Amino acid sequence: MSKRSSREPAPTGDGTAKAARASGIAGLLERLGRGSVTTEAITIVQAASLERRVAVLGAGSWGTTFAKVLAEGGADVSLWARRPEIAREVTETHRNSDYLPGINLPISLTSSSRIEQVLDGAEQIYVSVPSQTLRQNLADLRPILPAGVPVVSLMKGVEKGTGLRMSEVIVQELGIDPALVAVASGPNLALEIAKRQPTAAVVSSESLETATLVAATATNPYFRSFVNTDVIGTEFGGVLKNLIAVAIGIVDGVGYGENTKASILTRGLAEMTSFAVSFGAKPETLAGLAGLGDLIATCQSPLSRNNTAGRLLGQGYRFDDVVRQMNQTAEGLASVAPILELAKSRGVDMPIVQQVAEVLAGTLDPRDIAPHLTETDEPQGE
Ligand SMILES: NC(=O)C1=CN([C@@H]2O[C@H](COP(=O)(O)OP(=O)(O)OC[C@H]3O[C@@H](n4cnc5c(N)ncnc54)[C@H](O)[C@@H]3O)[C@@H](O)[C@H]2O)C=CC1
Ligand SMILES: O=C(CO)COP(=O)(O)O
C-alpha cells in the first residue's frame, strides 16, 4: 500500500496548497471562481497533492493519457514505453506524437523503456497494454514487482483462450492479493481527456480502501473518479460495450439511421446486463459509468477504434483488411469469441454479439444485422 494515507497532509507549505487540502479540489476551484479547467488551477492542485510516485505501463493512447491525468492530479508519474524512441520523445519533448498528436504532456512526466527504472519507488502501478499481451508483460513484471503495491487495470478486454478478465489475469500472473487489484473504467475516450475535457470514471476493487486510494490519485480538476466494489460489473461493462460499439459501427457503415442505432444500443445494454449479472455483477453497475456511460461514449464517437472497425466492416471491408487498417488496439475484435463462449457457459443469449461474430467471420452480410435483435421471430418480453 501507499507509504502515505490519502488523509495525511501533503508535504508542502504553500498557502494556496493548504487551502486546497482544506476545501478539496472542487472547493478550491469554486473559490478561484473558475468555470473551466485552467493551467493555473491544475498547477495549484498539483502543488496541493500528496505527490505519490506511480508507474504507468503502456505508452499507447490510453496509458499516456492516464499518465497525464495522474500527473495533473499531482502524482509523480513514470511511464513505461515498449519503444525507446517513444520514451525519449515523452521525456525530452513532452509529446507522444504517434498516439496523442498535438497534445502537450506535463513537463514532470518522464518515460523509460526500462521497466525496472519506471517501477523504482512506485507506490501504485497502472497497466494499459493490449489485453492479449498482458500475460506476457506481467511475466516480465513479476520478478521486480514491489511488495504490497496496488495494481490497476486500465484495459477493456478479456483474454482469448481463457476468457479471463484483466484483473483475473493480474491476480493469477502476479500472485497478489485481489484486494490490491483495482480496475478503472467509464466513458473515457483518450483524446478528449488528453484535451482536459471534463470526464468521470469509476475505480473498482473488492477492497473499498484500495478503490478509494486509487480514485483519489486518479482525480484532478477535469477528471473525477468514483468508486465501487463491483469489479465484475465494472470490468465486463468495459469489455461488452466494445462489442456493441462494433455493431453500431457496422450499421453506421451500412448507412442505417438513428432508430437502428438506438435499437441496438438499448437492446445491447440489456444483453450486457444479462451477461454480467449471470457472472455475479450488480445490474446498477451496468446502468452506471462503466456500462451505459461508456456505451454512449463509445457508440457515438468517431474516436472509438471499435466503432471505427465496425464502420469499415459495414462499408464492406473484410475482417483482415480492417485489422490491417487499424494501427491502434480495437479490443472488441478479439473479445467476441471468448465472450460468446462465456455466455454459452451461463446460458445467456447474446444475439447482437453473435451477429457481430458472424459479420467478422464473413458469414453474415452487414446489411442483415439490424432486424435480428432477438434469437427467434416470436415476440418476446422487452
Ligand atoms: N484509447 C482509449 O480511449 C481507451 C483505451 N482503453 C483500453 O486501454 C487499453 C490499451 O489501449 P490503448 O492505449 O488505447 O491502445 P493503443 O493501441 O493506443 O496502445 C497500445 C500500447 O501497447 C503497446 N503494445 C503493443 N504490443 C505490446 C506488447 N506485446 N507488449 C507491450 N506493449 C505492447 C503499444 O506499443 C502501445 O504503446 C485497451 O485495453 C483499451 O481498451 C480504455 C479506455 C480508453
Ligand atoms: O474505452 C474507450 C472509451 O471509454 C475507448 O474505446 P475504443 O477502444 O473503441 O477506442
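Residues numbered from 1 in each chain as written. Chains lettered and ligands numbered in written order. Predicted model: local features only at pLDDT ≥ 70, side-chain atom pairs only at ≥ 80, totals over all residues. Heavy atoms only, no water.

In the annotation of an unreviewed UniProt entry, the protein chain is listed under the name Glycerol-3-phosphate dehydrogenase [NAD(P)+] and assigned to Frondihabitans peucedani. Among the UniProt annotations of the protein chain, the heading Sequence similarities (unreviewed entry) holds the following wording: "Belongs to the NAD-dependent glycerol-3-phosphate dehydrogenase family." (UniProt positions renumbered as here; feature names shortened; annotations may be inferred.)

A. Seen up close, the UniProt feature "binding site: NADPH" (unreviewed entry) in the protein chain. Under the UniProt annotation, "binding site: NADPH" (unreviewed entry) lies at Ser-61, Trp-62, Arg-82, Arg-83, Tyr-99, Lys-156, Ala-190, Arg-305 and Glu-331. Here Ser-61 shows up in helix α3 (residues 61-71). Not counting residues up to four positions away in its chain, the partners in contact with Ser-61 are Tyr-99, Leu-100, Ala-190, Arg-305 and Gln-328. Within the secondary structure layout, Ala-190 lies in helix α8 (residues 190-194). Residues within four places of Ala-190 in sequence aside, it is in contact with Ser-61, Trp-62 and Thr-65. (Helix = DSSP H or I, 4+ residues; strand = E, 2+ residues; numbered from the N terminus. Contact = heavy atoms within 4.5 Å.)

B. Layout of the site of ligand 2. All residues adjacent to ligand 2 are Lys-156, Gly-186, Pro-187, Asn-188, Leu-189, Lys-241, Asp-294, Thr-298, Leu-303, Ser-304, Arg-305 and Asn-306. Residue Lys-241 places a side-chain N or O atom 2.8 Å away from an oxygen atom belonging to ligand 2. Those elements that provide at least two residues to the shell around ligand 2 are α13 (289-300) and α14 (305-314). Class assignment for the residues of the shell around ligand 2 results in three nonpolar, five polar and four charged. Inspection of the shell around ligand 2 shows a minimum of three residues originating in each of domain 1 (15-229) and domain 2 (233-368). (Near = heavy atom within 4 Å. Polar contact = N/O pair within 3.5 Å; in protein donor to acceptor, adjacent residues only side chain to side chain. Nonpolar A, V, L, I, M, F, W, Y, C, P; charged D, E, K, R; others polar. Domains from an automatic or database assignment.)

C. View of the site of ligand 1. Taken together, 24 residues are adjacent to ligand 1, and Ser-61, Ala-190, Arg-305, Thr-329 and Glu-331 come closest. Between ligand 1 and Gly-60 there is a distance of 3.0 Å, counted from an oxygen atom to a backbone nitrogen or oxygen. Contacts to ligand 1 include Lys-156, whose backbone N or O atom sits 3.0 Å from an oxygen atom. In the complex, the protein chains occlude 90% of the 820 Å² of accessible area that ligand 1 would expose alone. Going through the elements one at a time, α3 and α6 (134-141) are the ones with two or more residues in the shell around ligand 1. A domain-level breakdown of the shell around ligand 1 finds at least three residues from each of domain 1 (15-229) and domain 2 (233-368). (Areas by Shrake-Rupley, 256 points an atom, 1.4 Å probe, with all protein chains shown as cover.)

D. Just the domain arrangement of the protein chain, in detail. According to the domain assignment, the protein chain contains domain 1 (15-229) and domain 2 (233-368). Using only C-alpha atoms to locate each centre, domain 1 and domain 2 end up separated by 26 Å. Contacts between the two partners involve 31 residues from domain 1, matched on the other side by 26 residues from domain 2. For domain 1, the biggest contributors to the area lost against domain 2 are Lys-156, Val-158 and Leu-189; these three give 28% of the whole. At the boundary of domain 1 with domain 2, the tally comes to two salt bridges. The salt bridge partner of Lys-156 is Asp-294, with a shortest N-O separation of 2.7 Å. Considering every element that reaches the side of domain 1 that touches domain 2, the biggest residue donor is strand β7 (residues 199-204), with four residues. Residue composition of the side of domain 1 that touches domain 2, by class: 13 nonpolar, 13 polar and five charged. (Buried area = accessible area lost by both parts, 1.4 Å probe. Salt bridge = Lys/Arg side-chain N within 4 Å of Asp/Glu carboxyl O.)

E. Focus on the UniProt feature "domain: Glycerol-3-phosphate dehydrogenase NAD-dependent C-terminal" (unreviewed entry) in the protein chain. Residues annotated by UniProt as "domain: Glycerol-3-phosphate dehydrogenase NAD-dependent C-terminal" (unreviewed entry) correspond here to residues 230-369. Annotated as residues 230-369, this span is 75% helix and 0% strand, and its ends, taken at the C-alpha atoms, are 32 Å apart.

F. Region of the structure containing the packing of aromatic side chains. Summed over the entire model, instances satisfying the criterion amount to six aromatic pairs. Relative to Phe-279, the ring of Phe-236 has its centre 5.5 Å away and its plane inclined at 55 degrees; by these criteria the two rings are tilted. Of this pair, Phe-236 sits in helix α10 (residues 231-254) while Phe-279 sits in the loop between α11 (258-278) and α12 (283-286), and the two are 43 residues apart along the sequence. Each member of the pair, Phe-236 as well as Phe-279, is classed as buried. (Phe/Tyr/Trp six-rings, centres within 6.5 Å; stacked < 30°, edge-to-face > 60°. Buried < 20%, exposed > 50% of the residue type's maximum accessible area, 1.4 Å probe, protein only.)

G. Geometry of the sheet that holds strand β8 (residues 223-228). Spatially, β3-β2-β1-β4-β5-β6-β7-β8 is the arrangement adopted by the eight strands of the open sheet, whose pairing is mixed. Of all the strands in the sheet, just β3 (110-112) and β8 have a single pairing partner and so form its edges. Each adjacent strand pair in this sheet contributes to an overall mean axis angle of 25 degrees, direction not counted. Relative to strand β6 (residues 181-185), strand β5 (residues 151-153) runs parallel, the two being bridged by three bridges. Across the sheet, the residue bridging to Val-152 is Ala-182, located in β6. (Pairing = 2+ DSSP bridges. Axes fitted to C-alpha atoms, helices over the stretch in contact; angles between N-to-C directions.)

H. Quick look at α3. Among the 11 residues in α3, 11 count as buried, and that is most of the element. The complete set of buried residues in α3 reads Ser-61, Trp-62, Gly-63, Thr-64, Thr-65, Phe-66, Ala-67, Lys-68, Val-69, Leu-70 and Ala-71.

I. Representation of the nonpolar core in the model. Core analysis: the largest hydrophobic core is formed by 45 residues, its most contacted members being Phe-236, Ile-244, Phe-275, Ile-339 and Met-350. Those elements that provide at least two residues to this core are α10, α11, α13, α14, α16 (331-346) and α17 (351-361). Leave out the neighbours within four places in its chain, and Phe-236 touches Val-158, Arg-165, Phe-275, Ala-276, Phe-279, Ile-339 and Leu-342. Ranked by size, the runner-up nonpolar core spans 36 residues in total, among them Ala-67, Leu-105, Val-203 and Tyr-222. (Core = buried A, V, L, I, M, F, W, Y, C linked by side-chain atoms within 4.5 Å.)

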